[in-house]
Amino acid sequence: MTYTTETEEPLLTLDDYRIGFKTERGLAKAVDGVSLTLKRGQTLGIVGESGSGKTVLNRGVMGLLAARNTIESGSAKFNGQELVGENRQSFWGTKIAMIFQDPMTSLNPVMKVGNQVMEPLRQHKGLSKSEAKQRVAEIFTLVGIPEPTKRLDQYPHELSGGMRQRVMISIALAIEPDLLIADEPTTSLDVTVQKYILDLLTRIQKEQGMSMVLITHDLGVARGRADEILVMYGGHVMEHAPTEELFENMMHPYTAALFSSIPHLHHKKHTRLSPIPGCPPDIVDPPIGCRFASRCAYAQERCLTETPPMTYDGDHRFACYFPVKTPQGQEALEKNQKRGHTASGLQIRKGKVA
Amino acid sequence: MTTYDEETRDMNEPVSEDSTELGSLDASLAVGVAPKKQLGFGFWLSTFWVVLITLLAVLAPILPIKDPTENYIITETTENLRGDLVEKPVQPPYSLDGNHWMGTDKDARDMLSRSIFGARISLAVGFITALFGLLVGGALGMLAGYFKGWADKIISSIFIISLSFPGLILAILVVALLDRSLWTVSITIGVLAVAPVGRLARAQTITFAEREFVIAAEALGAKRSRIIVREMLPNVLIPMATLSMLVVAIAIVAEGALAFLGLSVQKSATWGKLILIGSDINTLESAPWIAFGPIIFLFFTVASLNYMSDRLRDFYDVRDAYDLYD
Amino acid sequence: MYKSKFMKLLVALVTIAMFATACGGGDDDSSSSSSDSSSSSSEATESSSESSSASEEEAEEEAPEEEAEEEAPEPEPEPEPEPVSGGVLRWGLEADVDGINPTASALSAPGLTMAQMVFDSLIVYTDSAPFWACFLCESMTASEDLRTWTMTLRSGISFHDGSPLNAAAIQVNFEAQRGDPLVGLAVKPFYPAENATTLVDDLTISFNLSDPDAWFPTSLTGQLGYVASPTWLTAALEDPTLDQQPVGTGPFVFASRNEDSITRFERNEAWWNGSAYLDAIEFLPVTDPATRTSLLLEGELDGLATTDVESILRMVDDGNIENYLDDSGEESFALINSAKAPFDDIRARQAITHATPRENYNLLINLGETRTADQVFTPESPYYNPDIVQLTDRPDLAGPLVESYCADNPDNCSDGKINMEYQFSGPSVVGTRISELLVEGWEPFFNVTIDELPQDTHIQQVAIGLYNISGWRQFGQREFTRDKVWLLCRTVGGISLNWPRFCDDDRDQLIFTAEQTTDESVRVEALQELSNMINEEYLYIFYNHTLWDMALSNDVNGLCDKTTPDGGEIICITNGRTWFDTVWLSE
Amino acid sequence: MAGSGTAHLRTGDPNILLSVQNLVVEFPVARRTKVHAVTDLSFDIAEGETLGIVGESGCGKSTTARAVIQIPKPSSGSVEFNGVDITELSGEELRNIRPDIQMIFQDPISSLNPRRTVFDIVSEGINIWSKSNEDLTEDRVVEIIQAVGLDVEETLTKRPHEYSGGQCQRISIARALILDPKIIICDEPVSALDVSVQARILNMLEDMKSRYGLTLLFISHDLSVVKNVSDRVAVMYLGKLCEIGDGDLLYEEPAHPYTRLLLAAIPDPNNKHSGNQDILEGELPSPINPPSGCRFRTRCPRATEKCAAEEPQISQINDRDHWVACHFPHLDAKGANSSDEILWPPE
Amino acid sequence: MKRLLGLGLLLTVISMITFAAMNLLGDPLFNILGPVAEDVDNPDSVKLIEEAKEQYYLDKSLPERYVRWAGDFVTGDFGVRFSATGQPPVTDLIKERFPRTLQLMLMAQLIAVGLAIPWAVNAASRANSKTDKASTVTAFAFVSLPNFALAIILFYVFSIRLDWTPDVYTATDPFWGFTHDHKLMQMLLPALTLGMGSAAGYQRLLRTDLITTLQQDFILMARSKGVSRRKVLYKHALRPSLFSLITLAAINIGYLIGGALVVETFFRIPGLGTAVVEAVLREDFPVVLAIVMIVATAFLVFNYLADLLYGVIDPRVREKENYKESIFCSWKRRVEPVDATVEAPT
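Here the structure is a predicted model, which means the values were calculated and not measured.

The rules behind these values
- Think of each chain on its own: its residues are numbered from 1, step by step along the sequence as written.
- Written order decides the labels, with chains lettered from A and ligands numbered from 1.
- A pLDDT threshold of at least 70 governs which residues receive local features in this predicted model, and a stricter bar of 80 or more applies before side-chain atom pairs are shown or counted, although totals over entire chains, interfaces and linings include all residues.
- To obtain the side-chain values, all non-hydrogen atoms of the structure were used and water was disregarded.
- Secondary structure follows DSSP: runs of H or I at least 4 residues long count as helices, runs of E at least 2 residues long count as strands, and numbering of each begins at the N terminus.
- Any residue under 20% of the maximum accessible area for its type is buried, any over 50% is exposed, and the rest in between are partly exposed; the area is computed with a 1.4 Å probe on protein chains only.
- Between two residues, a contact is recorded if the distance between any of their heavy atoms is within 4.5 Å.
- As a working definition, buried area equals the accessible area (1.4 Å probe) given up by two parts on being put together, with both sides summed.
- In the sections that follow, a salt bridge refers to a side-chain nitrogen of Lys or Arg positioned within 4 Å of a carboxyl oxygen of Asp or Glu.
- Between N or O atoms, a polar contact is any pair within 3.5 Å; within protein, one atom must be a potential hydrogen donor and the other a potential acceptor, and residues adjacent in sequence are included only when both atoms are from side chains.
- When residue character is reported, Ala, Val, Leu, Ile, Met, Phe, Trp, Tyr, Cys and Pro are called nonpolar, Asp, Glu, Lys and Arg charged, and the others, Gly included, polar.
- Two cysteine sulfurs form what is called a disulfide whenever their separation falls within 2.5 Å.
- Planes of paired rings set the category: under 30 degrees apart is stacked, over 60 is edge-to-face and the rest tilted, where pairs are Phe, Tyr or Trp rings (Trp by its six-membered ring) whose centres lie within 6.5 Å.
- Segment limits for the domains were obtained from an automatic or database-derived domain assignment.

Before going further, it helps to examine the overall build of chain E. From N to C terminus, chain E includes 13 helices and zero strands. Start at the N end of chain E and walk to the C end: the helices and strands fall as α-α-α-α-α-α-α-α-α-α-α-α-α. By residue count, 63% of the 346 residues in chain E fall in the buried class. Sequence separation of at least 24 residues holds for 67% of the intrachain contacts in chain E that already meet a minimum separation of 6.

Below is the structure:
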């Protein structure tokens, strides 16, 4: 299935994109038929729990997965150029940049940070050493690293977590990419630093006019930073909508469940949380039908046998037969509450998943 | 269905060695499907070999094999210069044949049975050494690691000093000055094993002493002795056990080296001694089986022990590498 | 520098060329010291076993029958190619030595080999009566009572350092050797304390002996006969490092020495007896006989000497090597200490002799290539006693003897077996093999403790009698009475050169009888009886006559062309040693 | 900020179970240098109450937890439990009081002995104390194991590594509960867990608390989580206390500049503080050589010279259960509570 | 520096222990004089004994002798041998023998490191591929093969069967050259014997470390920056993985010395290894003492250098002195970067 609402040619288009890993037990379908488009200058937030396939998706697009164990299919177009089956090394360091979760481990501990930022400049832009240094100092200033020339000669361990992440961003900036993929860029940082870095990323993205994919497990992080949010679960796209639309209308039970399982600031103390029952699907041998069915309070018999197709509601799309806040959904939930369990056997008491 | 559901995914799988294509995401990590840890066929094959050789060694005197000291001289009838037919002994060594599966040495002794009898001493040295090293080194190391402070300082200094001595020189010195009995050789090598084993025990103890389950036990009100026995020991024992196989292997090699220098157990032949006897250029050229037979025995035994240790280390996820002691 | 005198003493004792032949310090036989891999070293004691001063007839004549066919050297007169001057000969030694000073150093086989380059000896052995000839001397005559021998030197000879050779120089050498607290121990017993030598004139000197000796000149064929520059000797007393840089009158001049590596001698252009063909000769110590052999076969060496039977066979099989084989020298045997329990009882000595698996020994250790020995003489020798049979390989005879011994000496027995210790030098592969083989034979009657000792310690312990039975090798003087130092009562003592510590005046008398006459019939009778007495006392368990091989590559010519200055023939090969002044390299 | 003072202590309240006063923990790092991990910290917890301690990494919250259970003992200060200063106790006395104070750790792997079965681990407390306390029987183990939602049969044979992180945390809780403690110190019990699992553990903690009448000291860096479980919340910065008080009150009207910054940074979609434009400048000062006066002054948007010269003392705000250590607190903070929206599934 | 002082102290303790052991294990007088030392009734012997006592300072107390010996040792005079002539002096012997052993060790280490690094990089970059499995098996075989056995096998194949390498060490100069006459070729097999075993050990260690490193994010980062595969392997991954290897290589000095005893003996190289075996056998303790000290010093110094090298390789170590000790503490453990709480302010 193709999903395009674009007039302008999108920067990145995935169509039924799949990634499988060969494991001892069989093929692990980490990304299973994802379609999306990313417009130029836009930010796409990809949200999901660990194991949902969000990281694999991006590394797959980058071509950073081990070829030996990986099977990639479908279509992924970057700038109109097909990526699947192609060697993507020419994009590395030129068109696409990445930022990783832990700034400590994603910087080489034995190289001066200056050199690490200079590397792509010298390699791809052909700058001389002094030119590169000059440029790095500029970038450092841009990302708010004080005393940039002094920092050039420092090693990662001499910097704080926030500073390291700024260096990471500098590397991405040095590349001047069309697309920046930020994979959980702030998870290991303290909240105050996290806020700074996210704000910085957004600012830079806007200033440089690049596209960004922001991967996170925290819906809150995506809000305010992403133009659109894509929710993944078990390798599937569950829901995809412009950010504000999503927060207003969470159509997919999974999105809603994910959101309500987290304690929120506006809750009174000792508010009972609503955890998601059960465990993530086995992607080597995924359940037939909806992957979330076994944990879903709305699940009906149909969900267990048929994979729900993507439903479009303007910019909002979701893969569910019984979306939240729709009559079908409400009916399904009530039915389940009445019989005390869902179609998958999940018990429900007093309207709560037990 | 219980109130709380199982979360089957083990999120704490250690990084597997699979598919390290320059930092690529590991499949199992990416999808949360961890391969089951297994000791593997090789481990059981190694175990089989070690058990077999140990059994052979123990049972050697009652096995239907040739006498390892008997000179099985073959005679043949030939004409002498005068044309008389005379019975003449054939000059050994004899090559491999149905009678001597591994040939004979220059003294017409059966190499197979000599190798099996050689295993008796080699393995005995290995096991005694390991036992001594583990008992003494393990106890010292655990003491140092758990109590820290002065005990640690003193014991650690002893370890360092003993490590700085070139081991084999020390061994030949002791062995040359004292009598060359099985016990002297074993204990000498065992003493050399104390420091490396002790250091591992100490490191392990320290590692585990810092782990939170020890604090938890203390918080439960467990006494020190109980913590050592119930919490520390089971954890230190596993790496020690895997190490012990390595120590046996290393002791066998060390004994072999001593024997190769002509300085090991005097009375009986060990593998090292058998190899030494076959190792001069003439013998190697004319009768390579004399040296290579025992080499194969030695190699398979040492490799098996090493491999077992290695596998167990992986299996129990003992992080500290310890192949330092040679 | 202080010298460890006791060690030096023993080293010297067992290697002095004058009286001795070697005691087999180490491995008692064919594979000899040179086969022990790790302990063999530059120490002189190491290869002391191989030293000997007795020389032999050419190998072709003397070699045992079974080897005769294999021998390469051809006696046929071929058109002799002309000798060419030049070239460097590389010779493999079984070990390096501590020094090359005849009056202070332990001249073991390699030491003697090298010493023969720098030093001329006073006397050389010859093939016909009186079986010796003057070399550095011009003449030598005995007094009536055979106690005083007067020697006249050749004139006009000078040492490499320019000092002249004269009677005084001989006296300095002799007294230095006799006066050396250690080397002298084997010299002292046979001379009066005072006036052992008398200077007659500038070139004439008299030796005054304690006992009459018709064969005295043969004493001067080896270390005692080497004459070194007195100037150098004096200097070396002050600075022992000079022991490494010998100065003599010989055909070659010491050039350089790198311990454990290469010792080089160059042609003495001003040699009094002509000029050597070789530009230089280099000695390389290679302790392992197999390796040494390989080097020769590969052309890295031009020659070597060995007793390792396996190596000998390899070289005999190779077409490009000339082998000079000779087994008339030393004997290999087990040495029994008659002064210490249990072998102070002849029954124990008999029993162990009977239990000894000598056949296997000769088959396995000597590869069946050596001749079994029952006595010190080979069958070719006029003194060979055909009646002597050493009863080995007869365990049936050993049983009753052990039983009767143990009945009388229960303290020295356990479980009906005699307790004893077998010593040998090690670590050595052959030594180990031998010990295992012997123990295999002895075990039914003896509780054998094996004691593998470093060579030096082994020699020490044997010298002071701290042993039961031990692997050994000695005898082998061409003139047998020169071996008297190992047999006489007067060499028994705290430190005993009479290793078995066995004294029998009658036996001594037989030696003196043989020594004091040149009458062959008297000598035959005396020496055959001597052999018999040795056999009956069960002091040595003879295994075999040691087989020496001097092996040279085919390019080496003129080996035995050396003559006395007067043109007389010389026995040129002596237990693996020879001269190289007539040797030349073809091509 | 980060001030000292004990004004906020509810001295004399008979319900106070644990009272920590002037706690100081220092570690030597090199010759003559010390890390001042916790300096002059005071708080108290009433019976049945949950006190949440929140702060960023390096603020000393975990150190505080360890100091409370006396492993290791604090450098100075007192920890009164049930009126007894346990810092004064040693040896057997201390051991006897331990069953009442239990702890749950962050790392589910490190806190469970990998070589023992889960049943063993849980019943360890029983094994230690059964002689002196006859109530402790195997039945209790079974009860507790079931209470935390594990299968008793399985625990008999399985070892910790066969369980997931969430389950391991349940095991830890079970182990802590087995001796029927008065108080449980929870040191970041959910930060290593996935969000959906985290909710389950938090719910369970609440269940256990009501079921066994526990008092909790809950430590976390996650403000939302702390708010959810705590009755009172304390905010720490660089080893000192900034603000303490009723959870709802503190979150509603944060008075300390640091608290405000923290709250503003929370990426919660409904965070009403996120509009605060102040940004936390600079880096965390070294605890080896902390700033003089108020420890937060180096990064505080309101700092003046006074803050460097004088350490603020803790003081009460508006006569409510709300205490702050700051010279210039935000006392005007008012905000509407707009948390009526209830998401799925409906309560 | 403090650590250097510690090193000196350690060496002093070692030398004291060794010295005392050498003097107490055997009767030094007996070692010099043999049985004569016991023969106190004989005036000749007594004279020898007196002379020896004076010569070797045996009439002095043990500490005094130690001080005397240590003083000489520090100035490079290792004393007089307990040998027939006392010649050559220990110093000369060491001077003569040491270069050969040093050459051997250097060659062995070069071979080991030179082989191990590309081998490990290659294996780690294709972890669990067939190539990697094959190389793991190979490495395992070499690790399990005692060096005396390896020596025999190499000698059998290359010297006896193929005749590529010479049978014997003849100490011939020059070093460089490829015929049997050159030291290079003569040292090749011994160095290979020592080097291969070590190389296999290094490979196993480095491979594991590299695999760990290669799974780090910064490798992914480097690749996503467009750094070439080769550069990623050798520039980004290798250096941070070298820690354990350096430690092992330093500790391996001890192993190499042990191996040298065997290998030198087998290949008949007159080096320190053979010297010490000979000396031990004839109880020539001054030589043993000197060699033990040289080896212990080398061992400790190399470990010290390894520690310094850590700093070169990893800047984290350079600044914080929290690596403390390598052999002195935990050899294979890299000290984790300091906790955030101790982080320096900017």
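The subject of this paragraph is the interface of chain A and chain E. Tallying the contact residues gives 33 residues for chain A and 28 residues for chain E. It is Val 110, Glu 119 and His 157 of chain A in chain A that bury the most area against chain E; as a group they hold 23% of the surface buried on that side. In this structure, the connection of chain A to chain E is made through two salt bridges. Across the chain A-chain E interface, the total number found is eight residue pairs in polar contact (both at pLDDT 80 or more). Secondary structure elements with two or more residues in the side of chain A that touches chain E: helix 1 (54-62), strand 6 (96-99), helix 2 (113-124) and helix 5 (161-175) of chain A. With five residues, helix 2 of chain A is the single largest residue contributor to the side of chain A that touches chain E. In terms of residue class, the side of chain A that touches chain E is made up of 17 nonpolar, nine polar and seven charged.

Time to look at the state of the cysteines. One pass over the full model with this rule turns up four disulfides over all chains. Between Cys 296 of chain A, a cysteine without a disulfide, and Cys 320 of chain A, which holds the nearest cysteine sulfur, the sulfur-to-sulfur distance is 6.1 Å.

Further remarks concern the packing of aromatic side chains. The description of an aromatic ring pair uses the distance of the two centres, along with the angle that the planes make with each other. Scanning the model with the defined rule gives 55 aromatic pairs over all chains in all. For the pair Tyr 233 of chain A and Phe 292 of chain A, a centre-to-centre distance of 5.2 Å together with 85° between the ring planes defines the contact as edge-to-face. Of this pair, Tyr 233 of chain A sits in strand 9 (residues 228-233) while Phe 292 of chain A sits in the loop between helix 9 (253-260) and helix 10 (301-305); the two residues are 59 residues apart in sequence, bridging distant segments of the chain. Summarising the burial analysis for this pair, Tyr 233 of chain A and Phe 292 of chain A share the class buried. Here the aromatic rings of Phe 207 of chain C and Phe 216 of chain C are separated by 5.3 Å at their centres, their planes lie at 50°, and the arrangement is tilted. The pair formed by Phe 207 of chain C and Phe 216 of chain C is uniform in burial state, with each residue classed as buried. Ring pairs connect the aromatic residues Phe 333, Phe 377, Tyr 383, Phe 475, Phe 480, Tyr 540 and Phe 542 of chain C, which therefore count as one cluster.

Residue and element names in this part refer to chain E. In terms of domains, chain E is made up of domain 1 (2-77) and domain 2 (94-318). Each partner contributes residues to the interface: domain 1 has 13 residues there, and domain 2 has 13 residues. With both chains or domains summed, domain 1 and domain 2 bury close to 1,400 Å², and 81% of this area falls on carbon and sulfur atoms. When the buried area of domain 1 at its contact with domain 2 is split by residue, Arg 3, Leu 11 and Met 22 rank highest and sum to 37% of it. The interface formed by domain 1 and domain 2 contains zero salt bridges. Applying the counting criterion to the domain 1 and domain 2 interface returns zero residue pairs in polar contact (both at pLDDT 80 or more). If you list the elements that add at least two residues to the side of domain 1 that touches domain 2, you get helix 1 (2-25) and helix 4 (62-74). Ranked by residues supplied to the side of domain 1 that touches domain 2, first place goes to helix 1 with ten residues.

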